[in-house]
Every structure is written in structure tokens, then in C-alpha cells.
Amino acid sequence: MPTPTPTPTPPPIPAYTPAGLPPATRGALLEGMERIYRELAEDVARAGPVCILRGVCCDFATMDYVLYASSLEVLYLGCFIDLARVRDAGKLCPFWLERRCSEHAVRPLGCRVYFCDPRYAAQAPEIYERHHRRIRELADRLELDYEYAPFLDFLARAGGRAATPGARAQVRTCT
Ligand code: SF4
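Predicted model only: the values in this text are computed from it and were never measured. (Residues numbered from 1 in each chain as written. Predicted model: local features only at pLDDT ≥ 70, side-chain atom pairs only at ≥ 80, totals over all residues. Heavy atoms only, no water.)

Chemist: How do you make sense of the pattern of salt bridges when you look at a structure like this?
Modeler: If charged atoms from side chains of opposite charge come close, those side chains can pair. Going through the model one piece at a time under the given rule, you end up with 9 salt bridges. The shortest N-O distance in the salt bridge between E31 and R35 comes to 3.2 Å. You can see E31 and its partner R35 sitting in helix 1 (residues 23–47), 4 residues apart, about one turn around the helix. For R35, a relative accessible area of 33% translates into the label partly exposed. Notably, a salt bridge pairs E147 with R157, separated by 2.7 Å at the nearest N-O pair. Of this pair, E147 sits in strand 4 (residues 146–150) while R157 sits in helix 6 (residues 151–158); the two residues are 10 residues apart in sequence, bridging distant segments of the chain. For the residue pair E147 and R157, the accessibility class agrees, reading buried in each case. A single salt-bridge network, built from bridges that share partners, covers D43, R46, E126 and R130. (Salt bridge = Lys/Arg side-chain N within 4 Å of Asp/Glu carboxyl O. Helix = DSSP H or I, 4+ residues; strand = E, 2+ residues; numbered from the N terminus. Buried < 20%, exposed > 50% of the residue type's maximum accessible area, 1.4 Å probe, protein only.)

Chemist: When you look at the state of the cysteines in this model, what are you seeing that I'm missing?
Modeler: A covalent bond between the sulfur atoms of two cysteines is referred to as a disulfide. Under the defined criterion, the tally for this structure stands at 0 disulfides. Free of any disulfide, C57 has its nearest neighbouring cysteine sulfur in C58, separated by 4.1 Å. We classify C57 as partly exposed; its relative accessible area is 35%. (Disulfide = S-S within 2.5 Å.)

Purely geometric numbers; function is a separate question.
Structural data, given as C-alpha cells:
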């Protein structure tokens, strides 16, 4: 009887946490991300989208929207919040409380760029891509693993819950 071929074990799915980062890398991550977020805010302000507080931009269920983020954004967030203790809010962002963001200062790139103002819709993708590219370059410079995946999956992994199968979009490790 032929011996069955063993199924290869998939590589472990990492949960990104800043806990093990050397202090110099952590400092450079904070400085780099803050510079990117600051310059992104300037670009968004120049584009001038208008927010009329509809409160729908974080309502993934109503908007049928998946927020993606990069592992560096998650590492940055993890420098301020214990991601392992973030509650499970199902298909909604756990930071969305009473229709407002409770972590506005450290929210990911996609949240910073997205506005429902139709006059701004054509500019948003270019602004997003430009600053997302800078985040990838920062990962290269700091020799950090880089992954791009649904934000809620990153949070689920940090909390020890299963991420959506097949949800990983782009993964690159520096090992
Ligand atoms: S992090 Fe904040 S802005 Fe982004 S989806 Fe969650 S509640 Fe909304």
C-alpha cells in the first residue's frame, strides 16, 4: 500500500506585536510612521474632502467595505494599545464606539484617507498608494516583515482568534 504524501504544514500566520522589537527599531518605526501620517494628513487637507459626520465610513457592514492595513500600521498601533485585549466586534471595527473612532490618533492609513465626499473620490487612491508605498519602504529600511491584509484579521490574530481563511493579500518576510 503506497505511503500517503504528508500534507505540508502551512507556515504560521504571524501576529504583529512590537513587544520583541529592539528599542532602536521601535523608535524608528514610531518616527517613520508619524512622519508618514503627518505628511499624509497634509496631502488630505490639500485635497480638501468634506466630512458631514454621516458616521458611515467605519460601518463596514452597511458600506460592504473591507479595510486593509499593513503589518507596520498594526505594529504602530500596538505601541499604544494592547492588541491582544481588543474585543471581538464581529464584522465591525472594535474601535468604533457610538459611531465614532475611539482610537482616532493611531488609526490606520485607510481610515485616514477615506472620506465619502464624492468630489474627493478620484484623488483618494493616489494619495493612499503614495503613502502606502512609503510604509513598504519603511519596512525595507527597518528590515521588518511586511504583510498587507484585512485590518480585522490582524486584530483577530493578535487576540488569538482565527483570521479569515485565504484573507492574506500580500506577504513578504525578510528572513
Ligand atoms: S480604526 Fe477608527 S476610523 Fe478606522 S475603522 Fe476603526 S473606528 Fe473607524
